[in-house]
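What follows is the residue order along each chain.
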Amino acid sequence: MTRVSETAEYWFGLCRKPLAFHTAPALMVFDPETVHPAQPRGRGSAGSSGRVRHGIGIATGSIRTLFGEKRLLWFSLLAGLVIFFLFVAEGWSVTHTDSIPLFSGIWIPFGNSGLSVFNMHLFLIEVFCLSCFTGLLAALVLYRNAGPAKMQVTIRKALAGVGTHAGSFAALSVMMAFVATVVFELISLSRFIGKVIFSIDMALFNMPYAYYVPNGISAMYYFSFRIMAINIVLFLLALYVVPGIVLERKGLLMALAGSVTLMMKTWRELLGCILVLGAIILMVVAAGLLIGQSPLLLNLDYDFFLQMSRGQVLMTVACYGFILTCGVLTALGSTSLGIIIADLYAGGSLMSS
């Protein structure tokens, strides 16, 4: 294991000059003594409501921490770059399927053609992106649990500490990528789910996006938003697995087994967090509905959308601004969730007894 020399100069958490590496024991960027055994937080209805309120406090506190501790925004920036890559790579894969020389998928003969049950392109994209997401989450957990020495721990050091568990994270990423690919294909084959997705797309993204967003970009976000929804669910599950690997030094199978117990133990706190983050999501959806249903709100006055002197520029900014805002909020949300789970561990709510 290598450890970054303490003599390097840093700027905003990143090194300004090449770092010196020295042979040393496994990197420890957190103090094990700061993590305490799990403690019960009350029983009965009063205890349950108190734990939900505690979860609300943790969620709001994570948002304040994210913007109060500027160095944490580096995690959001890196997550945003991964989201942008996923958006572009998935869209390019969809629009250039025939030009990609790699094996595109596994097909089951059905009628005169067949059914795709596994898209190898999507799987490879997912492996890369989910590896980045889990690595960033692990680095964030290490950084938040660095104890009194946190100011001496840089983002680079936290990311380097993840390498100790590279095998477990690689296996976790491949497993999640496989699940995401299969679920994506099943959703694509389901007529019922297809109708639901089509209804959502018509409500949020059909009008007036059809006027201003080219078909290539439209295909990108149409498919990318679906896979991002699947990735968000997988990321929520990884929240309970990753800290067990980096803090309790468990193997992947032990961390997966322990995550079920942890979910059952902390579902009330998680409910409180969902109430806060869900309220933010509802506000975003409301803004999306306002944009998507603007033709109906304007009594189908299509000249408003076509004339530059009226609403063309305004609605163009609104459409692209909404897409960009969704990406930014997703990146910030991933960091906020990482802060939540790291602080729960640091407070002793999630450690195994």
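In what follows, the accompanying structure is described. Model, not experiment: these values are computed from the prediction. Within each chain, residues carry numbers counting from 1 in the order of the written sequence. In keeping with the predicted nature of the model, local features appear solely for residues at pLDDT of at least 70, side-chain atom pairs appear and are counted solely at 80 or more, and the whole-chain, interface and lining totals rest on all residues. Calculation of side-chain values draws on the structure's entire complement of heavy atoms; hydrogens and water are dropped beforehand.

1. Notes on the overall build of the protein chain
Tallying secondary structure elements over the protein chain gives 13 helices and 6 strands in all. Scored against the burial criterion, the 353 residues of the protein chain give a buried share of 43%. Taking the intrachain contacts of the protein chain between residues at least 6 apart in sequence as the baseline, contacts between residues at least 24 apart amount to 76%. Note on areas: these come from Shrake-Rupley sampling with a 1.4 Å probe, and a residue is covered only by the protein chains present in the view. As displayed, the protein chain has an accessible area near 18200 Å², and 71% of this comes from carbon and sulfur atoms. By the criteria applied, helices consist of DSSP H or I runs no shorter than four residues and strands consist of E runs no shorter than two, each listed in order from the N terminus. Only protein chains enter the accessibility calculation, which uses a 1.4 Å probe; a residue is then buried when its area is under 20% of its type maximum, exposed when over 50%, and partly exposed in between. Should any heavy atoms of two residues lie within 4.5 Å, those residues are considered in contact.

2. A look at the packing of helix α3 (residues 120–144) against helix α4 (residues 155–162)
At a minimum axis distance of 8 Å, the contact between α3 and α4 shows a crossing angle of 115°. Relative to α4, the crossing made by α3 is right-handed. Contacts between α3 and α4 pair Gly135, Leu136, Ala138, Ala139, Leu142 and Tyr143 from the former with Ala158, Leu159, Gly161 and Val162 from the latter. Partitioned by chemical class, the residues of the contact of α3 with α4 number 8 nonpolar, 2 polar and no charged. Axis definition: a line fitted to C-alpha atoms, limited for helices to the stretch in contact. Angles are taken between N-to-C directions and run from 0 to 180 degrees. Here a crossing is called left-handed whenever its near helix is offset anticlockwise from the far helix by less than a right angle, and right-handed whenever the offset is clockwise. Gly counts as polar in this scheme, as do all residues outside two lists: the nonpolar Ala, Val, Leu, Ile, Met, Phe, Trp, Tyr, Cys and Pro, and the charged Asp, Glu, Lys and Arg.

3. Concerning empty space enclosed by the protein
Buriedness for pockets is judged along seven lines, at least five of which must meet protein on both sides within 12 Å for an open set on the 1 Å grid over protein atoms alone, while cavities are sets there where a 1.4 Å probe fits but cannot get out, and lining residues have an atom within 4 Å of a point. Grid points are joined across faces, edges and corners, and a volume is the space filled by probe spheres set on the points. In this structure the tally under the stated criterion is 2 cavities of 30 Å³ or more. Within this model, the largest cavity holds a volume of roughly 90 Å³. Taken together, Phe75, Ala79, Phe133, Leu136, Leu137, Leu140, Phe235, Ser334 and Thr335 make up the full set of residues lining the largest cavity. The set of elements that each furnish at least two residues to the lining of the largest cavity consists of α2 (73–95), α3 and α13 (312–346). Here the element with the most residues in the lining of the largest cavity is α3; it accounts for 4 residues.

4. Observations concerning the packing of aromatic side chains
Here a Phe, Tyr or Trp ring, Trp counted by its six-membered ring, pairs with any other such ring whose centre lies within 6.5 Å, and the pair is stacked when the planes are under 30 degrees apart, edge-to-face when over 60, and tilted otherwise. Counted according to the given criterion, the structure contains 7 aromatic pairs. Here Phe75 and Tyr143 contribute two aromatic rings whose centre-to-centre distance is 6.1 Å and whose plane-to-plane angle is 55°, an arrangement assigned as tilted. With a gap of 68 residues between them, Phe75 in helix α2 and Tyr143 in helix α3 connect regions that are remote in the sequence. By the burial criterion, Phe75 is buried, and Tyr143 matches it. Through pairs of rings, three or more aromatic residues link up here, namely Tyr211, Tyr212, Tyr302, Phe304 and Phe305.

5. Concerning the pattern of salt bridges
Basic side-chain nitrogens of Lys or Arg form a salt bridge, by our definition, when they fall within 4 Å of a carboxyl oxygen of Asp or Glu. Per the stated rule, a full pass over the model turns up 4 salt bridges. Arg51 is the partner of Glu269 in a salt bridge, and the nearest nitrogen-oxygen pair spans 3.1 Å. Taken together, the residues span a long stretch of sequence, with Glu269 in helix α10 (residues 267–292) and Arg51 in helix α1 (residues 44–68) at a distance of 218 residues. Of the two residues examined, Glu269 and Arg51, each falls in the buried class. The closest approach of N and O atoms between Arg310 and Asp301, which form a salt bridge, is 2.8 Å.

6. Considering the state of the cysteines
Disulfide: a pair of cysteine sulfur atoms within 2.5 Å of each other. Evaluation of the coordinates by the stated rule reveals 0 disulfides. In this structure Cys129 is not part of a disulfide, and its nearest cysteine sulfur, from Cys132, lies 6.4 Å away.

7. What about the environment of Ile197?
Looking at the secondary structure, you find Ile197 in helix α6 (residues 191–206). Residue Ile197 is classed as buried on the basis of its relative accessible area, which comes to 17%. Here the alpha-carbon distance between Ile197 and Tyr222, two residues 25 residues apart in the chain, equals 9.6 Å. Those residues in contact with Ile197 that sit more than four places away from it in its chain are Ile187, Tyr222 and Arg226.

8. Digging into the side chain of Glu269
Here Glu269 falls in the buried class, since its relative accessible area comes to 2%. Residues adjacent in sequence count toward polar contacts only when both atoms are side-chain atoms; beyond that, a polar contact is any pair of N or O atoms within 3.5 Å, and within protein one must be able to donate a hydrogen and the other to accept it. A distance of 3.1 Å separates the side chain of Glu269 from the side chain of Arg51, its partner in a polar contact.

9. Here we look at unusual backbone geometry
Of note in this structure, Asn299 is not a glycine but carries a positive phi near 55°. Accessibility expressed as a relative area gives 69% for Asn299, which makes it exposed. Phi is positive for Leu300, which is not a glycine, with a value near 55°. Following the sequence through the fold, Leu300 ends up in the loop between α11 (294–297) and α12 (303–306). According to the relative accessible area criterion, Leu300 is partly exposed, its value standing at 42%.

10. Side note on the nonpolar core
In these notes, a set of buried Ala, Val, Leu, Ile, Met, Phe, Trp, Tyr and Cys residues joined through side-chain atoms within 4.5 Å is what counts as a nonpolar core. Phe75 and Phe133 are the most contacted members of the largest nonpolar core, which has 61 residues in total. In terms of residue count, the dominant contributor to this core is α3 (15 residues). With near-sequence residues (within four places) excluded, Phe75 lies in contact with Leu136, Ala139, Leu140, Tyr143, Ile155 and Thr335. Judged by nonpolar contacts, the second largest core, of 17 residues, contains Phe87, Phe205, Phe322 and Cys326.

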